[in-house]
Amino acid sequence: MALNSSTPVALWVVPVPEFGGVARHVVDVAAAGLPGYELVVLAPSGHLTDELKKMGVRILTEVPFGVDAGFKKSFDALNIAIESEKPAVVHAHLAYADIVAAAVITSRKIKRVKNKALCVPALASTEHGIADSGAVYNTNKLRALAMKTLHNLRLRVTDHKISVSASTSEQMAKQWGAREVEVVRNGIDVQGIQTAVAKMRTASDTNAPRLLSLSRLAPEKGLDYLIDAFALLAQKYPQAHLEVAGAGELEAELKMQVNNLSIAEAVSFPGFVNPLEAMGRADIIVQLSMWENLSYTLLDAKAAGLKVLATDVGGNREIVGEEELAAPLESHKDRQEQIRTLARALEKLWSSPQILDGAPTYSREQMNQAIVQVYGKREKI
C-alpha cells in the first residue's frame, strides 16, 4: 500500500543487531507490510538493519540504542525517536526493549500532565521467548526474580500484550501475572519455503536416514541426547548421517561425545548454514529443546514437508502432530531408556512413508493482519 504523511507509524524497537528468531519475525512482518501503518524500526546497526534497509524500511540508527548502548542512551534514543516520528504505537521486542520502552512511555505520561501536546503512543510488546522455568535462561535465582518483578511492572503500563503461542501466553500469566494477552502466531512464507527447499532437495537413500539439527549448541537444546540416540540408530543404518548445524559453547564437548561413540564419520558440525538449503539435504528435523515458544525451525520444516521429532514442550504441540512429539528430556529418571525411546521414534519416523500433518500454518499476511487488529483494541493513547 502507498504510504503518505497521514499514515500512522508503528515504531518497532529491537535491542540487538544479530539475526535470530526475533529478527526473522521483524523481517517477515516487513516483507508482508502492516496494513494501514508505516513500519519504522529503532535498532542497533547490524545484520537485521542491513536486511531491512534492502527492503526499503526506514531505520533509526542516528542515536545509539540497544543492549551495548546501555539504558540511559537507549532511553534517550527512544524519546528522540518518539518526538521525531510521533508514532501511534511503540512495539517492543525482547526484554531489554520492553523495559526501556515501558520506562520511556511512563515518563512521557507523567510529563503530559503539564504538557498536553506531548506525544504518548500506545505501547505494545510481543513475547517471543519465555520458558516454564526461569532457570532455563537465568541460572542466577536472584536475577531471575529481579526480571520477574520488572516484567510484572512493565506489563502494567503495556497497552497491547502479544504472545507468539498459546503456551507462551500461559507462561506470561503464570510467571508475570499478565492479563489480556493476545496470541498472534508467527506467520511464514509457506509457498516460498516450499519452493526454496524443493529446489535444493537432494534424493534420499532408503538405507541412509539424514537427520538435521538447527540450533545453538547450548545445554538447553538437548543435543547430547540427540547424538546418543543417533548412535543407536546408526547401528541399524550404518550409512545414516547427522548434521548438527549452529554454533555455541558446547561445540567441543559435543565433538568429543561423537568421537567417544566412534561415529565421527557419520556426524558433521558445519557451523552456521543456510537453513533452507540444509533442509534440502535432510529427511528428519530433530529438535529436543528443553523449551520452545513457537519455533521457526519447526514451522519451516512442516511447510517444507519434512518429518519432525520434537520434545513436547512449549509451543511445539501447536506446530507438529502427536506422532512427532517426544517426552520432555528430563521427564524420565532413566536417561538410557529415554535415549532408546528417542532412537525408536527416529526409526519409526524414517520407516514411515507418510509425511505427518501438523497444525495449520499461518501466512505472514495473516500474522500482520492479526497484529494490526491488536493495535486497534483497548486504545489508551
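Residues numbered from 1 in each chain as written. Predicted model: local features only at pLDDT ≥ 70, side-chain atom pairs only at ≥ 80, totals over all residues. Heavy atoms only, no water.

### What about the packing of aromatic side chains?
Aromatic ring pairs are reported here in terms of the distance separating the ring centres and the angle at which the planes meet. Applying the stated criterion across every chain yields a total of two aromatic pairs. Both rings, one in Tyr-37 and one in Tyr-375, keep their centres 5.3 Å apart while their planes meet at 75°; by these two values the pair is edge-to-face. Of this pair, Tyr-37 sits in the loop between helix H1 (21–32) and strand S2 (38–42) while Tyr-375 sits in helix H13 (residues 364–375); the two residues are 338 residues apart in sequence, bridging distant segments of the chain. Here the two residues Tyr-37 and Tyr-375 agree in accessibility, since each one is buried. (Phe/Tyr/Trp six-rings, centres within 6.5 Å; stacked < 30°, edge-to-face > 60°. Helix = DSSP H or I, 4+ residues; strand = E, 2+ residues; numbered from the N terminus. Buried < 20%, exposed > 50% of the residue type's maximum accessible area, 1.4 Å probe, protein only.)

### Topic: helix H4 (residues 95–111)
Helix length check: H4, at 17 residues, gives a terminal C-alpha distance of 24 Å against a target of 24 Å (1.5 Å per residue), a fit within 8%. Within H4, burial applies to Ala-97, Asp-98, Ile-99, Val-100, Ala-101, Ala-102, Val-104, Ile-105, Ser-107 and Arg-108. Each element contacted by the buried residues of H4 is listed here: strand S1 (9–13), helix H3 (71–85), strand S4 (89–93), strand S5 (122–127) and helix H5 (141–156). (Expected span 1.5 Å × (residues − 1). Contact = heavy atoms within 4.5 Å.)

### Re unusual backbone geometry
Even without a glycine there, the phi angle at Leu-94 is positive, about 80°. On the secondary structure map, Leu-94 appears in the loop between S4 and H4. The backbone of Ser-262 sits at a positive phi, close to 60°, despite the residue not being glycine. Locating Ser-262 in the fold gives a position in the loop between helix H9 (251–260) and strand S10 (267–271).

### Topic: the side chain of Asp-159
Checked against the element boundaries, Asp-159 lands in the loop between H5 and strand S6 (160–163). Only 2.8 Å separates the side chain of Asp-159 from the backbone nitrogen of Leu-123, close enough to count as a polar contact. (Polar contact = N/O pair within 3.5 Å; in protein donor to acceptor, adjacent residues only side chain to side chain.)

### Some points on the nonpolar core
For soluble globular proteins, nonpolar side chains are generally found buried alongside one another. One finds Leu-211, Phe-230, Leu-242, Val-267, Leu-342 and Leu-346 to be the most contacted residues of the largest nonpolar core, which totals 34 residues. Secondary-structure elements contributing two or more residues to this core are helix H8 (223–236), strand S9 (241–245), H9, S10, strand S11 (284–287) and helix H12 (335–351). When residues in this core are grouped by element, the largest group, nine residues, is from H8. When near neighbours in sequence (up to four residues on either side) are disregarded, Leu-211 contacts Leu-226, Phe-230, Leu-233, His-241, Leu-242, Glu-243, Ile-284, Val-286 and Leu-346. (Core = buried A, V, L, I, M, F, W, Y, C linked by side-chain atoms within 4.5 Å.)

### Some thoughts on the environment of Leu-325
Of note, Leu-325 is situated in strand S13 (residues 325–326). A residue is classified by how much of its surface remains accessible, and Leu-325, at 14% relative accessible area, is buried. Sequence-wise, Leu-325 and Val-308 are 17 residues apart; in three dimensions their C-alpha atoms are separated by 8.2 Å. Ignoring any residue separated from it by four or fewer positions in sequence, one finds Leu-325 in contact with Leu-309, Ala-310, Thr-311, Asp-312, Asn-316, Arg-317 and Val-320.

### Notes on the sheet that holds strand S7 (residues 181–183)
Read from one edge to the other, the open sheet built from seven strands follows the order S3-S2-S1-S4-S5-S6-S7, with strand pairing classed as parallel. Only two strands of the sheet have a single partner each, and these edge strands are strand S3 (58–60) and S7. Across this sheet, the average inter-strand angle for adjacent strands is 25°, counted without regard to direction. One ladder, built from five bridges, connects S1 with S2; its direction is parallel. (Pairing = 2+ DSSP bridges. Axes fitted to C-alpha atoms, helices over the stretch in contact; angles between N-to-C directions.)

### Thoughts on the packing of H5 against helix H6 (residues 166–176)
Between H5 and H6, whose axes approach to 10 Å, the crossing angle comes to 105°. In terms of their interaxial angle, H5 and H6 are classed as roughly perpendicular. The segment H5 lies against H6, with Lys-148, His-151, Asn-152, Arg-154 and Leu-155 engaging Met-172, Gln-175 and Trp-176. In the contact of H5 with H6, the residues fall into three nonpolar, three polar and two charged. (Parallel < 35°, antiparallel > 145°, perpendicular 65-115°, else oblique. Nonpolar A, V, L, I, M, F, W, Y, C, P; charged D, E, K, R; others polar.)

### Some remarks on the pairing of S4
Judged by how many residues are buried, S4 sits mostly within the fold: five of five residues are covered. Burial along S4 is two-sided: Val-89, His-91 and His-93 facing one way and Val-90 and Ala-92 facing the other are all buried. Pairing of S1 with S4, which is carried by four bridges, proceeds in the parallel orientation. What sits directly across from Leu-11, in S4, is Val-90. Alignment of S4 against S5, held across five bridges, turns out to be parallel.

### Let's talk about the sheet that holds strand S8 (residues 210–214)
Consider a sheet: its strands pair through backbone hydrogen bonds, and that pairing is either parallel or antiparallel. Read from one edge of the open sheet, six strands run S10-S9-S8-S11-S12-S13, paired in parallel fashion. Single-partner strands in this sheet number two, and they are S10 and S13. Both S9 and S10 contribute to a ladder of three bridges, which runs parallel. Looking across to S10, one finds that Ala-245 is bridged to Gly-271.

### Some words on H12
For H12, with 17 residues, the first-to-last C-alpha span of 24 Å sits near the 24 Å given by 1.5 Å per residue. When we look at burial in H12, the residues that qualify are Gln-338, Ile-339, Leu-342, Ala-343, Leu-346, Leu-349 and Trp-350. Within H12, the buried residues cover an arc of 145° as seen down the axis, which keeps them to one side. Of the exposed residues in H12, the ones pointing more than 90 degrees away from its buried face are Lys-348 and Ser-351. Buried residues belonging to H12 abut S8, H8, S11, strand S12 (307–311) and S13. For H12, the capping residue at the N-terminal end is Asp-334, with a side-chain oxygen 3.2 Å from the backbone nitrogen of Gln-336. (Arc of directions from axis to C-beta.)

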